[in-house]
Amino acid sequence: MADTTSSRHPNGLYLMFAIEMWERFSYYGMRAILVLYLTKALFFDKALASNLYGGYVGLVYMTPLIGGFIADRYWGNRRSILVGGLVMALGQFVLFCSALLRPETAAEGITPIAGFMLFLGLGLMIVGNGFFKPNIAAMVGTLYGPNDRRRDSAYTIFYMGINLGSFLGNLITSLVGDTGNPDDFKWAFLACSIAMILATLTLWWGQNKYLLSWENQPVGITPKDSPGVSKIYIWLPVLLLLSLGIMYIDAFVTNIIFPFLVLSAVVIAYLVFADKSLSRIDREKIAVIFIVSFFVIFFWATFEQAPASLTFFADEQTDREVWGYTVPPSLFQNLNGFFIVTCAPLMAFVWGFLGKRNAEPSSLYKMAIGLFLLTLGYVVIELPVKNLVPGIKVSMFYLVALYFLHSIGELCLSPIGLSLVNKLSPAKYVSLMMAVWYLAPAIANKAAGMISALYPEPEKGIVTSFLGIPIHNLYEFFLINVGISGVASLVLFLIAGRLSKLMHGIK
Ligand code: GLN
């Protein structure tokens with residue numbers, strides 16, 4: 001039997017680390033250049049590119065609900081990750097093909113076949129991620145015993161894998177794809193496809209050797225009472241067609257993803273609270289998960305401006321020259337992964353230092369601090385844009401400072417949220433509550449796209465409006481983000497004390 005008293009982690013964790021690193025390489029690498037690809041290589045306008053980005057990422061975080069369910073009932077985690085990984089590799093390859101067929105000029109317009117390839121590629125990514133993401137996160141937990149104290153640090157190590165992958169992916173795709181020549185975007189998609197193949201090969205190679213529980217039993221295999229593994233394959237094309245249809249309607253006809261995601265959250269809440277077998281204490285803890293997830297929406301909606309409006313800002317309004325080298329605009333997003341990996345030990349030290357003095361804030365206060373840091377990041381970017389004239393560029397220091405504050409904010413909120421959800425969920429709802437936690441970024445990312453679509457372009461006479469208030473310039477645009485994250489932070493600070501009573505001793 002494995003030694004659970006030492007602080008050494010099982011090899012399976014490092015296998016998961018490597019697989020997730022390659023997958024996040026692919027996911028974040030592609031996302032970093034997506035809006036630039038849409039606007040510069042396919043000549044979409046910013047609003048359409050932002051909406052398509054938001055719809056895509058919204059659905060990416062929605063399908064884990066389905067992928068988690070299919071794994072629990074039919075396939076098990078390993079098969080789901082393998083299938084999801086291959087579908088994602090194919091998706092990136094189809095995007096590579098769409099880039100091969102791109103129009104030379106805006107006047108030429110995107111051909112129907114290239115447009116179809118773009119949607120098909122994104123659809124495959126959505127479906128594949130639904131199987132990959134929830135199952136890899138779940139696999140980490142299965143390597144440990146019920147009261148194993150290494151679990152929290154295992155998730156922290158895993159989170160580093162996520163960010164190392166995001167850092168490397170972003171770096172490579174920016175360098176090979178975002179070169180200033182729109183023909184080069186294709187190399188980014190190809191690199192991401194190769195990364196996904198590496199992710200699946202790594203799992204295939206190591207699964208039998210390393211995916212063992214604390215009792216040395218294989219984990220993540222097909223559930224014993226599965227009604228048949230093959231049955232559900234038919235749902236893959238159905239899910240793909242659904243994603244394509246929803247994404248298309250959302251981008252070109254009317255905004256349906258946002259209400260659809262909100263409705264899903266309401267239906268899940270209804271189903272869970274209708275369960276009569278839950279005690280009052282369980283209900284109160286679940287209520288906290290829903291309330292916290294609600295606040296997390298405001299975090300990700302403003303945080304995820306990174307690959308959208310903040311990339312437009314990096315591209316057009318930031319002085320990107322360093323010692324004769326022009327930094328590609330997409331590379332700024334890379335600062336997030338960099339700061340997460342380098343600052344995580346610092347944060348652990350700060351919490352440990354405060355903990356020893358009995359002054360460590362509870363999870364809810366940490367989350368409110370995370371939201372506050374996000375606000376602060378946007379306050380920093382407001383400084384130079386106050387009276388900014390189009391064409392004048394600001395120092396890249398401001399974006400670096402914004403990403404630093406946002407990354408520290410993420411460290412206060414994201415890994416902590418994962419373990420909080422775990423601790424608050426009654427055993428039978430752990431997976432569902434995890435899916436609720438991922439529904440928050442789903443809703444938020446769609447909202448992020450909607451916010452980014454408000455990006456004003458005064459030089460082109462493009463004035464947008466938010467809740468009826470016109471947005472004439474970048475100062476007013478970033479003020480929306482200051483307001484959303486600032487108000488959410490303030491309210492969470494105010495109600496954290498009351499909410500903690502509903503958590504019944506869990507911090
Ligand atoms: N950056 C983390 C990841 O990719 C968290 C994302 C999220 O929950 N929105 O897994």
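Being a predicted model, the structure only gives us computed values, none of them experimental.

Caption draft 1: Region of interest: the overall build of the chain. Secondary structure assignment for the chain yields 15 helices and 4 strands. In terms of C-alpha radius of gyration, the chain reaches 22 Å, essentially the compact-globule figure of 23 Å for 507 residues. A total of 507 residues make up the chain; the buried ones form 58% of that total. Long-range contacts, defined here as pairs at least 24 residues apart, represent 82% of the contacts in the chain between residues at least 6 apart.

Caption draft 2: Here's a closer look at empty space enclosed by the protein. If you walk through the whole model with that rule in mind, you get 1 cavity of 30 Å³ or more. In this structure, the largest cavity spans a volume of roughly 420 Å³. Elements supplying a minimum of two residues to the lining of the largest cavity: helix 1 (11-41), helix 5 (151-177), helix 9 (280-303), helix 11 (334-356), helix 13 (397-424) and helix 14 (430-452). Of the residues contributing to the lining of the largest cavity, the split by class is 14 nonpolar, 8 polar and 5 charged.

Caption draft 3: Focus on helix 7 (residues 235-252). A rise of 1.5 Å per residue sets the reference length of helix 7, with its 18 residues, at 26 Å; its end C-alpha atoms lie 25 Å apart and thus fit the reference within 8%. All buried positions along helix 7 are accounted for by Leu236, Leu239, Leu240, Ser243, Leu244, Ile246, Met247, Asp250 and Ala251.

Caption draft 4: Just the confidence of the model for the chain, in detail. Of the residues in the chain, 99% reach a pLDDT of 70 or more, and the chain-wide mean stands at 90. Taking the mean pLDDT of every element in the chain, the minimum, 83, falls on strand 3 (residues 464-466) and the maximum, 97, on helix 6 (residues 185-210).

Caption draft 5: Examining unusual backbone geometry more closely. Positioned with a positive phi, asparagine 216 is a non-glycine residue whose angle comes to about 65°. Its place among the elements puts asparagine 216 in the loop between helix 6 and helix 7. The backbone of asparagine 358 sits at a positive phi, close to 55°, despite the residue not being glycine. By the element assignment, asparagine 358 lies in the loop between helix 11 and helix 12 (363-385).

Caption draft 6: How the structure looks around the site of the ligand. Near the ligand the following residues occur: Arg24, Tyr28, Tyr61, Lys133, Tyr159, Ile162, Trp300, Glu410, Ser414, Tyr438 and Pro441. Contacts to the ligand include tyrosine 28, whose side-chain N or O atom sits 2.7 Å from an oxygen atom. Between the ligand and the protein, one listed contact pairs an oxygen atom with a side-chain N or O atom of lysine 133 at 2.6 Å. About the coverage of the ligand: the protein hides 96% of its 300 Å² of free accessible area.

Caption draft 7: Structural context of the packing of helix 3 (residues 64-100) against helix 4 (residues 112-142). Packing of helix 3 against helix 4 leaves a shortest axis separation of 5 Å and a crossing angle of 145°. Crossing hand, helix 3 versus helix 4: left-handed. Classifying every residue of the contact of helix 3 with helix 4 gives 24 nonpolar, 14 polar and no charged.

Caption draft 8: How the structure looks around the pattern of salt bridges. Here the structure, examined in full by the defined rule, presents 12 salt bridges. Linking glutamate 20 and arginine 24 is a salt bridge whose minimum nitrogen-to-oxygen distance equals 3.8 Å. Placement of the pair is glutamate 20 and arginine 24 together in helix 1, with a separation of 4 residues, close to one helical turn. Among the residues examined, glutamate 20 registers a relative accessible area of 0% and is labelled buried. The salt bridge partner of aspartate 315 is arginine 320, with a shortest N-O separation of 3.5 Å. You can call aspartate 315 buried: its relative accessible area is 12%. One salt-bridge network, in which partners are shared between bridges, spans Glu20, Glu23, Arg24 and Lys133.

Caption draft 9: A look at the layout of surface pockets. A volume near 530 Å³ is recorded for the second largest pocket. Looking at the second largest pocket, it is lined by 23 residues, and the ones nearest its centre are Thr156, Trp351, Lys366, Pro415 and Ile416. Taken together, the elements giving at least two residues each to the lining of the second largest pocket come down to helix 5, helix 11, helix 12 and helix 13. Tallied by class, the residues present in the lining of the second largest pocket amount to 14 nonpolar, 4 polar and 5 charged.

Conventions we followed
- Residues numbered from 1 in each chain as written.
- Predicted model: local features only at pLDDT ≥ 70, side-chain atom pairs only at ≥ 80, totals over all residues.
- Heavy atoms only, no water.
- Helix = DSSP H or I, 4+ residues; strand = E, 2+ residues; numbered from the N terminus.
- Rg over C-alpha atoms; globule rule 2.2 N^0.38 Å.
- Buried < 20%, exposed > 50% of the residue type's maximum accessible area, 1.4 Å probe, protein only.
- Contact = heavy atoms within 4.5 Å.
- 1 Å grid on protein atoms, 1.4 Å probe; cavity = no way out; pocket = protein on both sides within 12 Å on 5 of 7 lines; lining within 4 Å.
- Points joined across faces, edges and corners; volume = space filled by probe spheres on them.
- Nonpolar A, V, L, I, M, F, W, Y, C, P; charged D, E, K, R; others polar.
- Expected span 1.5 Å × (residues − 1).
- pLDDT = per-residue confidence, 0-100.
- Near = heavy atom within 4 Å.
- Polar contact = N/O pair within 3.5 Å; in protein donor to acceptor, adjacent residues only side chain to side chain.
- Areas by Shrake-Rupley, 256 points an atom, 1.4 Å probe, with all protein chains shown as cover.
- Axes fitted to C-alpha atoms, helices over the stretch in contact; angles between N-to-C directions.
- Left-handed = near helix turned anticlockwise from the far one by under 90°.
- Salt bridge = Lys/Arg side-chain N within 4 Å of Asp/Glu carboxyl O.

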